[in-house]
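Working through the structure, step by step
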Amino acid sequence: MTEGSAVTGTGGAGETGGTDGTTGAGETRRVRVVLVDDHRMFRTGVQAEIGETARTGVEVVGEAADVDQAVTVITATRPEVVLLDVHLPGGGGVEVLRRCAPLMAAAENPVRFLALSVSDAAEDVIGVIRGGARGYVTKTITGTDLVDSVFRVQDGDAVFSPRLAGFVLDAFASTDAPPVDEDLDRLTQREREVLRLIARGYAYKEIAKQLFISVKTVESHVSAVLRKLQLSNRHELTRWATARRLV
């Protein structure tokens, strides 16, 4: 986990207890969590950061790397909160939410979802919130803030990294559907992630580290993006992304 950002929501840390897993009355709180992310190293990092139950109150009861695994593990363990990546093999986080809809709607002990993703794209945020997630935080969040967010989602609060809340407010305040960008639709979710990072000036090695992929894979994605968008170099790509407010 890297340097974090503040997290906004409808409740405060004082209502849900601190990150040592205790309430204001000194009682120990517990929350059962499933981690869903296709990068094993990232899951390991999150587990190490928040999964020390005696300290944080968070008990990681399962992990999954794709949509089918996620649905199986969530159904079997019935956690209070699922930390859900947006981009997953098998249909993405939205597909997990669709298939787990009955668990979210349960009258007793509903399963709640908090998206945890490298992406801060408006369409990703809005997609999972429409699918039923209670919040969305990016992977720059600190372990302390993530633990706080998990407890707040368990309590039914909505939690977002600071600027992402605006996407949701704008989307649900508008009665007009967002326009379809046919050029952007040609790109896969991973290609969109690489596109945004390239446009922000990241070097290939930095992108590889951020996305937990190899430099060669980054190069392949960049080549595919340039080909699909009929662009010649990363400078044209940056102008293209900036014009569409993707940066």
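Scope of this entry: the structure provided in the associated data block.

The rules behind the values
- Residues numbered from 1 in each chain as written.
- Predicted model: local features only at pLDDT ≥ 70, side-chain atom pairs only at ≥ 80, totals over all residues.
- Heavy atoms only, no water.
- 1 Å grid on protein atoms, 1.4 Å probe; cavity = no way out; pocket = protein on both sides within 12 Å on 5 of 7 lines; lining within 4 Å.
- Points joined across faces, edges and corners; volume = space filled by probe spheres on them.
- Helix = DSSP H or I, 4+ residues; strand = E, 2+ residues; numbered from the N terminus.
- Nonpolar A, V, L, I, M, F, W, Y, C, P; charged D, E, K, R; others polar.
- Buried < 20%, exposed > 50% of the residue type's maximum accessible area, 1.4 Å probe, protein only.
- Arc of directions from axis to C-beta.
- Contact = heavy atoms within 4.5 Å.
- Phe/Tyr/Trp six-rings, centres within 6.5 Å; stacked < 30°, edge-to-face > 60°.
- Lys NZ or Arg CZ within 6 Å of the ring centre and 35° of its normal.
- Axes fitted to C-alpha atoms, helices over the stretch in contact; angles between N-to-C directions.
- Parallel < 35°, antiparallel > 145°, perpendicular 65-115°, else oblique.
- Left-handed = near helix turned anticlockwise from the far one by under 90°.
- Pairing = 2+ DSSP bridges.
- Right-handed = clockwise from strand over helix to strand, strands pointing away.

**Regarding empty space enclosed by the protein**
It is a probe the size of a water molecule, rolled over the atoms, that shows where empty space is left. Here the structure, examined in full by the defined rule, presents two cavities of 30 Å³ or more. What the largest cavity holds in volume is close to 60 Å³. Along the walls of the largest cavity sit Leu35, Val36, Asp37, Phe42, Arg43, Val46, Leu83 and Leu116, which together make up its complete lining. Of all the secondary-structure elements, those providing two or more residues to the lining of the largest cavity are β2 (31-36) and α2 (40-50). A per-element tally of the lining of the largest cavity places α2 first, with three residues. One number sums up the size of the second largest cavity: a volume of about 40 Å³. Residue composition of the lining of the second largest cavity, by class: one nonpolar, three polar and five charged.

**Examining helix α12 (residues 204-211)**
Within the sequence span of α12, burial applies to Ile207, Ala208 and Leu211. One face of α12 carries all of its buried residues, which in axial projection span an arc of 100 degrees. Set apart from the buried face of α12 by more than 90 degrees, the exposed residues are Lys205 and Lys209. Next to the buried residues of α12 lie α11 (189-199) and α13 (215-229).

**Describing the packing of aromatic side chains**
Scanning all chains against the criterion turns up one aromatic pair. Note that lysine 139 overlies the ring of phenylalanine 42, its terminal NZ or CZ placed 4.1 Å from the centroid.

**Considering the environment of valine 218**
In this fold, valine 218 is placed in helix α13. Residues valine 218 and valine 194 lie 24 residues apart in sequence; the distance between their C-alpha atoms is 7.1 Å. Ignoring anything within four residues of it in the chain, the contact list for valine 218 reads Val194, Tyr204, Ile207, Ala208 and Ile213.

**Concerning the environment of arginine 40**
Within the element layout of this structure, arginine 40 appears in helix α2. Put simply, arginine 40 and glutamate 63 are 23 residues apart on the chain and 9.3 Å apart in space, counted from C-alpha to C-alpha.

**Brief notes about the packing of α11 against α12**
Running from N to C, α11 and α12 point in directions that differ by 135 degrees, and their axes come no closer than 10 Å. On the basis of the axis angle, α11 is oblique to α12. Between α11 and α12 lies a crossing whose hand is right-handed. On α12, the residues that touch Arg190, Glu193, Val194, Leu197 and Ile198 of α11 are Tyr204, Ile207, Gln210 and Leu211. In the contact of α11 with α12, the residues fall into six nonpolar, one polar and two charged.

**Focus: the packing of helix α4 (residues 67-77) against helix α5 (residues 92-99)**
Here α4 crosses α5 at 35 degrees, and the two axes come no closer than 9 Å. At the point where α4 passes α5, the crossing takes the right-handed sense. Contacts between α4 and α5 involve Val67, Asp68, Ala70, Val71 and Ile74 from the former and Gly92, Glu95, Val96 and Arg99 from the latter. Here the residues of the contact of α4 with α5 are counted per class, giving five nonpolar, one polar and three charged.

**Overview of the pairing of strand β6 (residues 135-138)**
Side chains Gly135 and Val137 project from β6 onto one buried face, and the interleaved Tyr136 and Thr138 project onto a second face that is buried too. Here strand β5 (residues 112-117) runs beside β6; their pairing, made up of four bridges, is parallel. Bridge pairing in β6 places leucine 114 opposite glycine 135. One crossover worth recording links β5 to the parallel β6 by way of helix α7 (residues 122-131), and it is right-handed. Summarising the sheet, β6 and strand β7 (residues 159-160) pair through two bridges and their orientation is parallel. The partner of glycine 135 across the bridge, within β7, is valine 159. Handedness of the β-α-β unit built from β6, helix α8 (residues 143-154) and β7 comes out left-handed.

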